[in-house]
Amino acid sequence: MAMERSKSAPVRKRALDTVSAYKASVDQPPSYTMRGKIKDPADKEVRPGATAYTLGKACRTGSMTTPSWSMAPRGTGIPKPPDQPGPGEYHQPSTLYGSHPSLPVPGRVPTTSTKRSSPSDQLTIGGPTPAPHDYKVVRQGEFGRADQTAAPKYTMRGKIKDPADKEVRPGATAYTLGKACRTGSMTTPSWSMAPRGTG
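Residues numbered from 1 in each chain as written. Predicted model: local features only at pLDDT ≥ 70, side-chain atom pairs only at ≥ 80, totals over all residues. Heavy atoms only, no water.

*Asks:* Just checking my understanding: could you explain the overall build of the protein chain for this structure?
*Replies:* When its secondary structure is counted, the protein chain shows one helix and four strands. N-terminal to C-terminal, the α/β element order of the protein chain is α-β-β-β-β. Out of the 199 residues belonging to the protein chain, those deemed buried represent 2%. Of all intrachain contacts in the protein chain linking residues separated by at least 6 positions in sequence, the fraction that spans at least 24 positions is 0%. In the form shown here, the protein chain has an accessible surface area of approximately 22200 Å², with 57% of it arising from carbon and sulfur atoms. (Helix = DSSP H or I, 4+ residues; strand = E, 2+ residues; numbered from the N terminus. Buried < 20%, exposed > 50% of the residue type's maximum accessible area, 1.4 Å probe, protein only. Contact = heavy atoms within 4.5 Å. Areas by Shrake-Rupley, 256 points an atom, 1.4 Å probe, with all protein chains shown as cover.)

Next up, the structure:
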């Protein structure tokens, strides 16, 4: 419970001589005092600054790098292929000569020992075949084809005269337009007034 002052107790007044204090300081400039800066308890905490971190390729969602995978190391040696025949090693029997082991088909061509000719053999009959660039279709040192009796010649006709050039017409600079345009005269509206009466 708070204590209350007795109403009968005399009130003490402070012994302040305001008049003497005013006279003593009236001719002096005002002076003030400022307390020292209050120290923040957080200043004692040692924390790294913003520039102390090295982000690198990191961002707020993670590392900014492309996906990467690891692979098993390569063996010390490449294993040799298995010792088995390839597709080209098998003999493909034909039914042309009637020698197929599973299809009893009579022979369709006579069995001969001569070599069959290929379409490419027809190109070299009688010796090597010349290439397209081996043929000379132009004359040597002259203009024209080899099968022409004479070199070609060309003529050019003279310039055709325009009949409109004979017509005498004024040029564009012969006209004086003044204030005229394609819609009329470019002037402000004007009105005439009757003369003033004599009386």
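*Asks:* Could you clarify how one ought to interpret the pattern of salt bridges in this entry?
*Replies:* Oppositely charged side chains may form a pair once their charged atoms are brought near each other. Summed over the entire model, instances satisfying the criterion amount to one salt bridge. Across the pair Arg145 and Asp147 runs a salt bridge whose closest N-O atoms are separated by 3.0 Å. (Salt bridge = Lys/Arg side-chain N within 4 Å of Asp/Glu carboxyl O.)

*Asks:* Explain a nonpolar patch on the surface to me, please; I cannot follow it from the model alone.
*Replies:* Together, Leu96, Tyr97 and Val109 line one region of the surface with nonpolar side chains, adding up to about 230 Å² of accessible area. Inspection of the secondary structure assignment puts Leu96 in the loop between strand 2 (62-63) and strand 3 (180-181). (Patch = residues over 30% accessible without salt bridge, like charges linked within 9 Å, V, L, I, M, F, W, Y side chains within 5 Å.)

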